[in-house]
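These are the residues of each chain, in order.
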Amino acid sequence: MTPQDTVPAGDFGPPQDGMQRLWTPHRMVYIGGQDKPADGSVAQCPFCRIPAGDDEAGLVVARGRECYAVLNLYPYNSGHLMVLPYRHVSGYVELSVTETTELGQMTQAAVRALQAVYAPAGFNIGMNQGDVAGAGIAAHLHQHVVPRWLGDANFLPVVAQTKALPELLADTRARLAAAWSDAAAQPGEGR
Ligand SMILES: [Zn+2]
């Protein structure tokens, strides 16, 4: 490890981390990176594989009955996570009523947990459905929750700084997982 790799993860917390990233939904295609599945089968699907392992190794933030939340391996900002069903389905309309409800509830919990840990100025929340729409792993539906800060899209990432990300992701996962139960306990605020 070089000294650059061992900077405490806490020193990289936004908005002072200097890791400003370009926001381009097209780059969602790189989610999964070298792990991008060869086909759309369950056997090839990382989102089916992740819940079978432990939370730390899989960067799982929270597990629900039918959905779970996991950090993105290639985040656009610190705290970029995804909420998705355990079931291997590609279309939003394929979700059951209970999956749809839990996906929404866990998305709200994700927003609250991110607010508690990182206090972002805003969020991008959404799904890219299908390869043509930029889904990196189109066969398994996933909802992105991306915290945003003013000015975070102004500069391209600096390659050298991305070396610190694996350490940052482990720290981010632990912080969000710790904040999750309080976040999930709060009901939706609508009437
Ligand atoms: Zn899957």
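Residues numbered from 1 in each chain as written. Predicted model: local features only at pLDDT ≥ 70, side-chain atom pairs only at ≥ 80, totals over all residues.

Caption draft 1: Just the overall build of the protein, in detail. Of regular secondary structure, the protein possesses four helices and five strands. Of all 191 residues assigned to the protein, the portion counted as buried reaches 31%. Looking at the protein alone, contacts between residues at least 24 apart form 71% of all its contacts between residues at least 6 apart. (Helix = DSSP H or I, 4+ residues; strand = E, 2+ residues; numbered from the N terminus. Buried ≥ 20, exposed ≤ 12 C-beta atoms within 10 Å, placed from the backbone. Contact = placed C-beta atoms within 7 Å.)

Caption draft 2: A look at helix 3 (residues 97–118). Counted at 1.5 Å a residue, the expected span for helix 3 with its 22 residues is 32 Å, and the 31 Å between its end C-alpha atoms agrees. Along helix 3, the positions that sit buried rather than exposed are Glu99, Glu102, Leu103, Met106, Thr107, Ala109, Ala110, Ala113, Leu114 and Tyr118. The first or second residue beyond helix 3 is Ala119, which carries a positive phi of 45°. (Expected span 1.5 Å × (residues − 1).)

Caption draft 3: The nonpolar core, seen in detail. In this structure, Ala69, Leu81, Val83 and Ala110 are the most contacted members of the largest nonpolar core, which totals 32 residues. The set of elements that each furnish at least two residues to this core consists of strand 1 (60–63), strand 2 (67–71), strand 3 (81–85), helix 3, strand 5 (143–148) and helix 4 (165–185). With seven residues, helix 3 is the largest single contributor of residues to this core. Ala110 has contacts with Ala69, Leu81, Val83 and Val145, leaving out every residue within four places of it along the chain. (Core = buried A, V, L, I, M, F, W, Y, C linked by C-beta atoms within 7 Å.)

Caption draft 4: Geometry of the sheet that holds strand 1. The strand order across the open sheet formed by five strands is 1-2-3-5-4, and the pairing between neighbours is antiparallel. The sheet is open, and its two borders are formed by strand 1 and strand 4 (122–126), each paired with just one other strand. Ignoring strand direction, the axes of neighbouring strands in this sheet form an average angle of 15°. Alignment of strand 2 against strand 3, held across five bridges, turns out to be antiparallel. Bridged to Tyr68 within strand 3 is Leu84. Helix 3 contacts strand 1, strand 2, strand 3, strand 4 and strand 5 of the sheet and is inclined by roughly 20° relative to strand 5. (Pairing = 2+ DSSP bridges. Axes fitted to C-alpha atoms, helices over the stretch in contact; angles between N-to-C directions.)

Caption draft 5: Molecular detail of the pairing of strand 2. With five of five residues buried, strand 2 lies mostly within the body of the structure. The pairing of strand 1 with strand 2 spans three bridges and is antiparallel. By the bridge assignment, Ala62 is partnered in strand 2 with Ala69. Joining the antiparallel neighbours strand 1 and strand 2 is a turn of three residues.

Caption draft 6: Spatial organisation of the environment of His80. Along the chain, His80 falls in the loop between strand 2 and strand 3. Residues His80 and Val145 lie 65 residues apart in sequence; the distance between their C-alpha atoms is 5.9 Å.

Caption draft 7: Spotlight on the environment of Gln143. Mapped onto the secondary structure, Gln143 falls in strand 5. Of the residues examined, Gln143 has 21 C-beta atoms within 10 Å and is grouped as buried. Distance in space between the C-alpha atoms of Gln143 and Tyr92 is 9.7 Å, their sequence separation being 51 residues. Among residues more than four places away in sequence, those in contact with Gln143 are Met82, Val83, Leu84, Leu103, Thr107, Ile125, Gly126 and Met127.

These values are about where atoms sit, not about what they do.
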